[in-house]
Amino acid sequence: MEILRQLRDEGRAGDVQALLDHIPYARFMGFRAEVEGDTVTTIMPFKDSLIGNVSLPALHGGTIGALLEVTSVMQLLFDTQCERLPRTVDISVDYLRSGYPVDTYGQAIVTRQGRRVANVRAEIWQTSRDRLIATSHGHFLLTPV
Amino acid sequence: MFDEDLAEWPPHAQALGMQYLRTEGRRLHVKVPYADYLVGDPDTGVIHGGVITAALDNACGWAVRVSQDAQDGVAMATLDIRIDYMQPSTPHEDLQIIAECFKRTTNIAFVRAVAFNSSEEDPVATSVATFMMGTPAERSA
């Protein structure tokens, strides 16, 4: 991906926010990312278009799934500093609680990184880090297809 | 009953541009028209995996609604969804989804879905999901 090569050339390979700013879908969703030490925290600021259940109201499950996937990929990119966007092979999402109409946060850990494939676990929460609203584990392809 | 009434659709499904196509028995057909704001890789124009995840999740939920005429309006919650991505969605082509609730029990609905561009036989992604039926329709304090 051109932007990843460019960021790496500029010595900003870990600038995940710059990458998100470059991705139209991430801009549409309003995704942001902050880095502290080696941990990427993703943020999905609340807006009305993220709602799935109007009467509760609750976030759309799909937005939570999308955030889990983005969180996984961002941590993986940060860890590998690779200039190709990892391709999602599969992801399994467990929904633990319905999402309130507030900001949502995510963190992931790369549980194993092989030469071709990486295993990544991600967690999503809102008001409290220990009240998770969803978790996921997924496989991501690192090599060109 | 479930139909093309857009006002009934979740705001996020509307935001993604999802459209109802038709229902054939238990099989619900919907589509996500290609749009620039859904792109995940500006180099290629391929839409983001998150779009596929959200659209599959949404279609699976609707497929349960389609299958439950007798209990129309029963609240439900997604327990889990697993998505396998077979290939990128072709740039500038619409993403179609067929979702089918193939088993309902008192508590749980089991749903599978496939996302594709031109042929169901050549999937972009497939998913299996389970839903908990009869969850509270309002949040407890």
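Treat the numbers as computed from the prediction; the structure is a model and nothing was measured.

Observations regarding the overall build of chain A
In step 1: Scanning chain A from terminus to terminus reveals four helices and eight strands.
In step 2: Ordered by position from the N terminus, the helices and strands of chain A form the series α-α-α-β-β-β-β-α-β-β-β-β.
In step 3: With the C-alpha coordinates aligned to their principal axes, the bounding extent of chain A is approximately 45 × 30 × 25 Å.
In step 4: The buried share among the 145 residues of chain A stands at 42%.
In step 5: Relative to all contacts within chain A whose residues are 6 or more apart in sequence, the contacts with residues 24 or more apart total 60%.

Considerations on the sheet that holds strand β1 (residues 19-24) of chain B
In step 1: Read across the sheet, 12 strands follow the order β1(A)-β2(A)-β6(A)-β7(A)-β8(A)-β5(A)-β5(B)-β8(B)-β7(B)-β6(B)-β2(B)-β1(B) without closing on themselves; strand pairing throughout is antiparallel. Of all strands in the sheet, those bounded by a partner on one side alone are β1 (32-36) of chain A together with β1 of chain B. In this sheet, neighbouring strand axes are inclined to one another by 20 degrees on average, regardless of whether the strands run parallel or antiparallel.
In step 2: Note: strand β6 (residues 95-104) of chain B against strand β7 (residues 108-116) of chain B, eight bridges, orientation antiparallel. Following the sheet pairing, B:Gln96 is matched in β7(B) by B:Phe116.
In step 3: Packed on one face of the sheet, helix α4 (residues 61-80) of chain A meets β1, β2 (39-44), β5 (87-95), β6 (104-113), β7 (117-125) and β8 (132-141) of chain A together with β5 (76-85) of chain B and runs near 50 degrees to β6(A).
In step 4: Along the sheet, helix α2 (residues 49-67) of chain B contacts β5 of chain A together with β1, β2 (27-32), β5, β6, β7 and β8 (123-133) of chain B; its crossing angle with β6(B), the most-contacted strand, is approximately 40 degrees.

Let's talk about the nonpolar core
In step 1: Ranked by internal contacts, the top residues of the largest apolar core, which has 76 residues, are B:Ala55, B:Leu56, B:Ala59, B:Val111 and B:Ala115.
In step 2: For B:Ala59, the contacting residues outside a window of four places in its chain are B:Leu28, B:Val30, B:Ile97, B:Ala99 and B:Ala113.

As for α2(B)
In step 1: The end-to-end C-alpha distance of α2(B), which contains 19 residues, comes to 27 Å, matching closely the 27 Å that a straight helix rising 1.5 Å per residue would cover.
In step 2: The buried fraction of α2(B) amounts to 17 of the 19 residues, a majority that puts the element mostly inside the structure.

Examining the environment of B:Met86
All names here are of chain B.
In step 1: Along the chain, the position of methionine 86 falls in the loop between β5 and β6.
In step 2: Remark: the alpha-carbon pair of methionine 86 and glycine 134, spanning 48 residues in sequence, is separated by 33 Å.
In step 3: Leave out the neighbours within four places in its chain, and methionine 86 touches Pro123, Val124 and Ala125.

Quick notes on the packing of α4(A) against α2(B)
In step 1: Closest axis-to-axis distance for the α4(A)/α2(B) pair is 8 Å, and the angle between their directions is 150 degrees. With respect to α2(B), the axis of α4(A) lies roughly antiparallel. Here α4(A) and α2(B) pass one another in a crossing that is right-handed. Facing A:Gly61, A:Gly62, A:Thr63, A:Gly65, A:Ala66, A:Glu69 and A:Val70 of α4(A), the residues of α2(B) in contact are B:Gly49, B:Gly50, B:Thr53, B:Ala54, B:Ala55, B:Asp57 and B:Asn58.
In step 2: Class assignment of the residues belonging to the contact of α4(A) with α2(B) gives a composition of four nonpolar, eight polar and two charged.

Overview of the interface of chain B and chain A
In step 1: On the side of chain A, 34 residues touch chain B, which itself brings 33 residues to the contact.
In step 2: Here the residues of the side of chain B that touches chain A sort into 16 nonpolar, eight polar and nine charged.
In step 3: Alignment of β5(A) against β5(B), held across five bridges, turns out to be antiparallel. Bridge pairing links A:Asp94 to B:Asp80 in β5(B).

Notes on the environment of B:Ile83
In step 1: The topology assignment puts B:Ile83 in strand β5.
In step 2: Between the C-alpha atoms of B:Ile83 and B:Ser127, which are 44 residues apart in sequence, the distance is 4.4 Å.
In step 3: Not counting residues within four places of it along the chain, the set of residues in contact with B:Ile83 comprises A:Asp90, A:Ile91, B:Thr53, B:Leu56, B:Ala125 and B:Ser127.

Quick word on the confidence of the model for chain A
In step 1: When pLDDT is averaged across chain A, the result is 93; 99% of the residues are at 70 or more.
In step 2: Ranking the helices and strands of chain A by mean pLDDT puts β2(A) first, with 98, and helix α1 (residues 2-9) of chain A last, with 87.

Digging into the pairing of β5(A)
In step 1: Direction of pairing for β5(A) relative to β8(A): antiparallel, over a ladder of eight bridges. Bridge pairing in β8(A) links A:Ile91 to A:Gly138.

Re α4(A)
Residue and element names in this part refer to chain A.
In step 1: Look at α4: 29 Å from first C-alpha to last across 20 residues, which is about the 28 Å you get at 1.5 Å a residue.
In step 2: Among the 20 residues in α4, 18 count as buried, and that is most of the element.
In step 3: Residue glutamine 81 follows α4 closely and has a positive phi angle near 50 degrees.

Remarks on the pairing of β5(B)
In step 1: Pairing geometry for β5(B) and β8(B), over nine bridges, is antiparallel. Across the sheet, the residue bridging to B:Asp84 is B:Thr126, located in β8(B).

Here is what the cut-offs are and how they apply
Residues numbered from 1 in each chain as written. Chains lettered and ligands numbered in written order. Predicted model: local features only at pLDDT ≥ 70, side-chain atom pairs only at ≥ 80, totals over all residues. Helix = DSSP H or I, 4+ residues; strand = E, 2+ residues; numbered from the N terminus. Buried ≥ 20, exposed ≤ 12 C-beta atoms within 10 Å, placed from the backbone. Contact = placed C-beta atoms within 7 Å. Pairing = 2+ DSSP bridges. Axes fitted to C-alpha atoms, helices over the stretch in contact; angles between N-to-C directions. Core = buried A, V, L, I, M, F, W, Y, C linked by C-beta atoms within 7 Å. Expected span 1.5 Å × (residues − 1). Parallel < 35°, antiparallel > 145°, perpendicular 65-115°, else oblique. Left-handed = near helix turned anticlockwise from the far one by under 90°. Nonpolar A, V, L, I, M, F, W, Y, C, P; charged D, E, K, R; others polar. pLDDT = per-residue confidence, 0-100.

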